Amino acid sequence: MHELGVVFYIIDAVTETAEANGVGHVDRVSLEVGEATGIVPDLFQEAWRWAADRTDLLRGAALSSVSVPAMNRCRACGLEYPAFPAGPTCPSCGSGDTVLAAGDDVTIVSIEVT
Amino acid sequence: MAMAVDERERELRVIEVRESVFASNDRAADELRAANREDGLFLLNLMSSPGSGKTTLLTRVIERLQPETTIGVMEADIDSDVDARAIDEVGAVAVQLHTGGMCHLDAGMTRRGLEELRAAAEDAGLSLDLAVLENVGNLVCPAEFDTGATKNVAILSVPEGDDKPLKYPLMFQVVDAVVVNKMDVAPYFDFSLEQAEKNVHLRHPGIPLFPVCAKTGDGVDAFCDWLRDQMKLDA
């Protein structure tokens, strides 16, 4: 269900870009998907197929994605380290004052059109 | 060979987009926050697991704030209107939003719900001070989509366990306060309020926790005081 919400956003954003560029059909949408977004790839593809095929612009369009690792940044010592499996405690200085610095978003990188 | 020629003749074109999927929702949320502030309306987004006591807590809060504050509630559920009727019984304006299978509300849906709630209040001759969004019961998706709320609050109920902030980190990172509900049954569960506080503060240092029993109303006054302060600060 969560995947479907993200898919609806992608369709809206891609439709906007397509209209601005006078595009009739999109063949592929390429994404970067953060590791900490909680998106399940199989469900994501299923939601995409269901929703994309209901539009003329994206009927049959492929969805490809590259995974972006989740990175934490320690506000105490400045270290950036993989968020999994280390978690919120900085492996270098032991501070708990860390923030998720990357891997929490979905970015539409490009679309292939004909 | 013929295939390769066809491929070339298709004139494939790549258009760079580079847009964050959450960016358009974030923009809509910021716009809604600014508009509400202008109108003097405080929007509280209440999130939790299903069955943690969102509606019960809300009825207690409404009973305490109602005399001085005009309150409206948006009940978001995948289906049914049982929660909206419960709120209606304590005398606040309520509208039921059906998400049509979606597990969260975004800023656009919240804005449309708010328009509906305002219209319902106007029909009753009221002007709202506080609107509460009772989000879909779920600790994952609602945390990802900014609704445009002035403040976000999560309820953690005792039977869920004090480790929930570790399992659902984003939820506890985005909220401004946590209400710990069902404190009356704490002796029957392995739930430590101290551990819950530690786990919440790992995700979001310094935010307040309010231990309550929504059923009896114990502890709800302290949460209402916090809410009043937040409303004053935003005004």
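Residues numbered from 1 in each chain as written. Chains lettered and ligands numbered in written order. Predicted model: local features only at pLDDT ≥ 70, side-chain atom pairs only at ≥ 80, totals over all residues. Heavy atoms only, no water.

## Topic: the overall build of chain A
- Scanning chain A for helices and strands turns up 3 helices and 6 strands.
- The secondary structure elements of chain A, listed N-terminal to C-terminal, are α-β-α-β-β-β-α-β-β.
- Its C-alpha radius of gyration of 17 Å places chain A more than 25% over the 13 Å reference for a compact globule of 114 residues.
- Per-residue burial over chain A gives 43% buried out of 114 residues. (Helix = DSSP H or I, 4+ residues; strand = E, 2+ residues; numbered from the N terminus. Rg over C-alpha atoms; globule rule 2.2 N^0.38 Å. Buried < 20%, exposed > 50% of the residue type's maximum accessible area, 1.4 Å probe, protein only.)

## Description of the pattern of salt bridges
- One pass over the full model with this rule turns up 16 salt bridges over all chains.
- Note that Asp56 of chain A and Arg59 of chain A form a salt bridge whose closest N and O atoms lie 3.0 Å from each other.
- For Arg59 of chain A, a relative accessible area of 42% translates into the label partly exposed.
- Where Glu68 of chain B meets Arg228 of chain B, a salt bridge forms, and the shortest distance between an N and an O atom there is 2.6 Å. Residue Glu68 of chain B is located in the loop between helix H3 (54–65) and strand S3 (71–77), and its partner Arg228 of chain B is located in helix H10 (residues 220–234); the two are separated by 160 residues in the primary sequence.
- Through salt bridges that share partners, Asp30, Arg33 and Asp146 of chain B make up one connected network. (Salt bridge = Lys/Arg side-chain N within 4 Å of Asp/Glu carboxyl O.)

## With respect to the side chain of Asn199 of chain B
Residue and element names in this part refer to chain B.
- Note that Asn199 resides in helix H9 (residues 193–203).
- We classify Asn199 as buried; its relative accessible area is 5%.
- Apart from residues lying up to four places away in sequence, Asn199 is in contact with Asp162, Asp163, Pro165 and Leu166. (Contact = heavy atoms within 4.5 Å.)

## Describing the interface of chain B and chain A
- Tallying the contact residues gives 26 residues for chain B and 28 residues for chain A.
- With both sides pooled, the region where chain B packs onto chain A buries about 2,500 Å², and carbon together with sulfur makes up 61% of that total.
- When the buried area of chain B at its contact with chain A is split by residue, Ile15, Arg18 and Val21 of chain B rank highest and sum to 24% of it.
- A salt bridge links Arg18 of chain B to Glu32 of chain A, with the shortest nitrogen-to-oxygen separation between them at 2.9 Å.
- Connecting chain B to chain A are 11 residue pairs in polar contact (both at pLDDT 80 or more).
- Those elements giving two or more residues to the side of chain B that touches chain A turn out to be strand S1 (13–20), helix H2 (23–39), helix H6 (141–144) and H9 of chain B.
- No other element matches the 8 residues that S1 of chain B contributes to the side of chain B that touches chain A.
- Class assignment of the residues belonging to the side of chain B that touches chain A gives a composition of 12 nonpolar, 5 polar and 9 charged.
- Bridge count between strand S6 (residues 106–113) of chain A and S1 of chain B: 6 bridges; the pairing is antiparallel. (Buried area = accessible area lost by both parts, 1.4 Å probe. Polar contact = N/O pair within 3.5 Å; in protein donor to acceptor, adjacent residues only side chain to side chain. Nonpolar A, V, L, I, M, F, W, Y, C, P; charged D, E, K, R; others polar. Pairing = 2+ DSSP bridges.)

## Structural notes on the UniProt feature "binding site: Ni(2+)" (unreviewed entry) in chain A
- As annotated by UniProt and renumbered to match this structure, "binding site: Ni(2+)" (unreviewed entry) occupies His2 of chain A.
- Mapped onto the elements of the fold, His2 of chain A is located in helix H1 (residues 2–20).
- A relative accessible area of 5% means that His2 of chain A is categorised as buried.
- When sequence neighbours within four positions are dropped, the list of residues in contact with His2 of chain A reads Thr37, Gly38 and Ile39 of chain A together with Cys103, Cys141 and Glu144 of chain B. (UniProt positions renumbered as here; feature names shortened; annotations may be inferred.)

## Topic: the nonpolar core
- Ranked by internal contacts, the top residues of the largest apolar core, which has 32 residues, are Ile10, Val26, Val29, Trp48 and Leu58 of chain A.
- No other element matches the 8 residues that H1 of chain A contributes to this core.
- When residues no more than four places from it in sequence are discounted, the contact partners of Val29 of chain A are Ile10, Val14, Trp48, Leu58, Ala62, Leu63, Ser64, Ile108, Ser110 and Ile111 of chain A.
- Ranked by size, the runner-up nonpolar core spans 27 residues in total, among them Ile71, Ile87, Val179 and Phe223 of chain B. (Core = buried A, V, L, I, M, F, W, Y, C linked by side-chain atoms within 4.5 Å.)

## Re the sheet that holds strand S3 (residues 71–74) of chain A
Residue and element names in this part refer to chain A.
- Read across the open sheet, the 3 strands follow the order S4-S3-S5; overall the sheet is antiparallel. Looking along the sheet, the strands with just one partner apiece sit at the ends: strand S4 (80–82) and strand S5 (98–102). Across this sheet, the average inter-strand angle for adjacent strands is 40 degrees, counted without regard to direction.
- In the sheet, S3 pairs with S4 via 3 bridges, with the strands oriented antiparallel. Looking at S4, one finds that Arg73 is bridged to Glu80. (Axes fitted to C-alpha atoms, helices over the stretch in contact; angles between N-to-C directions.)

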